[in-house]
Amino acid sequence: MPPWVAAIDTLVRMTDSVAAVAVRRPVRADETGRYAVLHPAVAEAAHRLGAHTVGLIDVGCSAGFNLHVDRVGISYSNGQSLGDPSSPVQMPCSVVGDRPIPARAMPQVVARVGIDLDPVDVTDVDEARWLRACLAPDQPEQAARLEAEMALVVTVPPSLLRGDAVEMMSEAFARVPANAVPVVTTTWALSRFSLESRLRFLHRLDEAASGRAVAWVSAEGVGVAPTIPTLGDRRASGHSIIGLAVFDGSGLRAEAVGRCWSQGRLMAWLADS
């Protein structure tokens with residue numbers, strides 16, 4: 001029986017059950033192009049703070065794939081590669097422009113903390129099955145990558161916090177060892193926040209930095225991430241800004257280090273490194 005026929009047959013026979021699941025669970029599209037953006041930006045943040053160990057805190061983490069950015073391999077169209085070439089998770093990325101991607105080594109990751117209103121625990125069979133169900137059936141490459149990512153996450157499960165990111169931020173910071181620099185990441189997550197919540201989020205990072213240095217790496221639409229320069233780009237222009245903000249004793253330093261398209265499948269690095 002063709003897959004599409006089987007799918008229709010299942011929907012017809014189990015309409016009530018399928019509807020009950022669909023209402024209870026949000027559709028998950030755990031895009032993995034974000035690795036190519038996050039890897040150089042996290043490494044750059046650690047370099048600027050002189051950090052050899054970091055704790056990653058991902059806002060809007062879903063299944064926590066971003067928290068394993070140090071354990072994947074990335075191949076850029078300009079011939080550069082970053083990460084682990086032997087990793088089961090390999091991600092291609094097209095580079096726009098002539099500036100190379102910085103090739104700094106990723107620091108040691110000693111904590112992986114995700115915050116989400118409804119995080120996905122891939123060690124749970126039902127949760128993993130739902131992620132598979134959210135993929136389009138005609139994308140075998142994405143299905144294979146999802147399986148590899150889930151297998152990778154299962155070997156080192158992250159700490160998943162359920163709740164509002166602003167309210168849970170203090171607990172997330174508490175899970176990062178004192179000798180590590182917390183690096184908060186947001187990838188297309190802040191657009192779901194009100195402006196007031198985005199400013200409160202920024203305030204939480206500033207509060208945490210009163211005791212130790214903190215970095216924030218973002219990939220958000222133009223003008224979405226507070227304090228990150230927009231490079232003169234128009235809002236809703238079809239691309240996103242890669243931001244890097246450092247909070248330390250000297251105050252806040254925020255910079256737009258690049259642009260990206262298609263949720264990280266294409267990127268241009270702009271900053272001097």
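See the structure printed just above.
Residues numbered from 1 in each chain as written. Predicted model: local features only at pLDDT ≥ 70, side-chain atom pairs only at ≥ 80, totals over all residues. Heavy atoms only, no water.

## Some thoughts on helix α6 (residues 165-174)
Point 1. Residues Ala165, Val166, Met168, Met169, Ala172 and Phe173 constitute the buried set of α6. The buried residues of α6 occupy one face: seen down the axis, they fall within an arc of 150 degrees.
Point 2. Here α6 starts with a cap whose side-chain oxygen sits 3.0 Å from the backbone nitrogen of valine 166, and that cap is aspartate 164. (Buried < 20%, exposed > 50% of the residue type's maximum accessible area, 1.4 Å probe, protein only. Helix = DSSP H or I, 4+ residues; strand = E, 2+ residues; numbered from the N terminus. Arc of directions from axis to C-beta. Polar contact = N/O pair within 3.5 Å; in protein donor to acceptor, adjacent residues only side chain to side chain.)

## A short note on the pairing of strand β7 (residues 181-187)
Point 1. Buried residues dominate β7, accounting for seven of its seven residues.
Point 2. Here β7 shows a buried face lined by Val181, Val183, Thr185 and Thr187 and a second buried face lined by Pro182, Val184 and Thr186.
Point 3. Inspection of the sheet shows strand β1 (residues 53-59) paired to β7 by six bridges, in the parallel sense. Residue pairing for β7: aspartate 58 is matched across the bridge by threonine 185.
Point 4. Inspection of the sheet shows β7 paired to strand β8 (residues 214-221) by five bridges, in the parallel sense. What sits directly across from threonine 186, in β8, is serine 218. (Pairing = 2+ DSSP bridges.)

## Observations concerning the environment of leucine 131
Point 1. With respect to the helices, strands and loops of the structure, leucine 131 is situated in helix α4 (residues 125-133).
Point 2. Here leucine 131 falls in the buried class, since its relative accessible area comes to 3%.
Point 3. As a C-alpha pair, leucine 131 and glycine 249 span 118 residues in sequence and 42 Å in three-dimensional space.

## Brief notes about the sheet that holds strand β11 (residues 266-269)
Point 1. Taking strand neighbours across the sheet as the criterion, the 11 strands line up as β3-β2-β4-β11-β10-β9-β8-β7-β1-β5-β6 in an open arrangement whose pairing is mixed. Strands at the two margins of the open sheet, each flanked by one partner only, are β3 (81-83) and β6 (159-162). Along the sheet, successive strands turn relative to each other by an average axial angle of 25 degrees, direction set aside.
Point 2. Sheet analysis places β8 next to strand β9 (residues 240-248), joined by eight bridges and oriented antiparallel. The residue bridging alanine 215 from the neighbouring strand is valine 246, located in β9. (Axes fitted to C-alpha atoms, helices over the stretch in contact; angles between N-to-C directions.)

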